[in-house]
Amino acid sequence: GATGADFQVGIRLSAEGQGILLAEARRLAHDLMASGLIDYLDLSLWDAFKTPREVGNEGRLMDYFTDLPRHGVALGVAGRVRSTQDAAELVDRGADYVSVGTGAIVHHDFPQRALADRGFVSRPRPVPAAHLAAEGVGPAFIAYLAEGWTDFVSA
């Protein structure tokens, strides 16, 4: 079925790892943006500032996608965005928007802080469980972060 013009459709794409080859991800991103079927493509890079894992590829991982024709599709990036400066740099390098993960867990109001303070930097990890609770993170998610991520939650 079709959606109306006011209904956005997007895809989140992991750009590498878990058996995903960079050339395949790049080709898929190209085809998705050319398809006319999506409004945005959100790249999950884990670290938006890193070089590709595959030997022989240089530059930043995100650069393998920002040079593709977009056909009106907004291109977003996510991965280790910890400050206003990080977000601004990613937009300057060609992202249409930036997604914030960890920073938004640590600071529920990360976007407001980043917009209000060009020097804003997220609190470093690990973060005390009490801080996360004060930010509105629920007990089950705090437990998940404490068990699944060795550097996320401190005592």
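Before reading on, note that the structure itself is shown above.
Every value quoted in this text rests on a predicted model; they were computed, and no experiment measured them.

Rules of the game
- Residues numbered from 1 in each chain as written.
- Predicted model: local features only at pLDDT ≥ 70, side-chain atom pairs only at ≥ 80, totals over all residues.
- Heavy atoms only, no water.
- Helix = DSSP H or I, 4+ residues; strand = E, 2+ residues; numbered from the N terminus.
- Core = buried A, V, L, I, M, F, W, Y, C linked by side-chain atoms within 4.5 Å.
- Buried < 20%, exposed > 50% of the residue type's maximum accessible area, 1.4 Å probe, protein only.
- Contact = heavy atoms within 4.5 Å.
- Phe/Tyr/Trp six-rings, centres within 6.5 Å; stacked < 30°, edge-to-face > 60°.

Colleague: Break down the environment of Glu-147 for me, with residues and values.
Modeller: Structurally, the position occupied by Glu-147 is in helix H7 (residues 139–148). Residues Glu-147 and Leu-75, 72 residues apart in the sequence, show an inter-C-alpha distance of 32 Å.

Colleague: Quick one: what's the story with the nonpolar core, residue by residue and with numbers?
Modeller: Grouped burial of nonpolar side chains is what soluble globular proteins tend to show. In this structure, Leu-41, Leu-43, Leu-45, Phe-65 and Val-77 are the most contacted members of the largest nonpolar core, which totals 27 residues. Taken together, the elements giving at least two residues each to this core come down to helix H1 (22–35), strand S2 (40–44), helix H2 (63–66), strand S3 (74–78), helix H3 (84–92) and helix H5 (110–116). No other element matches the five residues that H1 contributes to this core. In this view, Phe-65 contacts Ala-15, Leu-22, Ala-25, Arg-26, Ala-29, Met-33, Leu-43 and Leu-75; residues no more than four positions away in its chain are not counted. Membership of the second largest hydrophobic core comes to nine residues, among which are Val-106, Ile-142, Phe-152 and Val-153.

Colleague: Tell me what's going on with the packing of aromatic side chains, and back it up with residues and numbers.
Modeller: Under the counting rule described, the total for this entry stands at four aromatic pairs. When the ring of Tyr-40 is compared with that of Tyr-97, the centres are 6.4 Å apart and the planes differ by 80°; the resulting orientation is edge-to-face. Here the residue Tyr-40 occupies a position in strand S2, and Tyr-97 occupies one in strand S4 (residues 97–99), the gap between them amounting to 57 residues. On the basis of relative accessibility, which here comes to 30%, the residue Tyr-40 falls in the partly exposed class. On the basis of an interplanar angle of 15° and a centroid distance of 5.8 Å, the ring pair of Phe-141 and Tyr-144 is categorised as stacked. With a gap of three residues between them, Phe-141 and Tyr-144 both fall in helix H7, about one helical turn apart. For Phe-141, a relative accessible area of 37% gives the class partly exposed.

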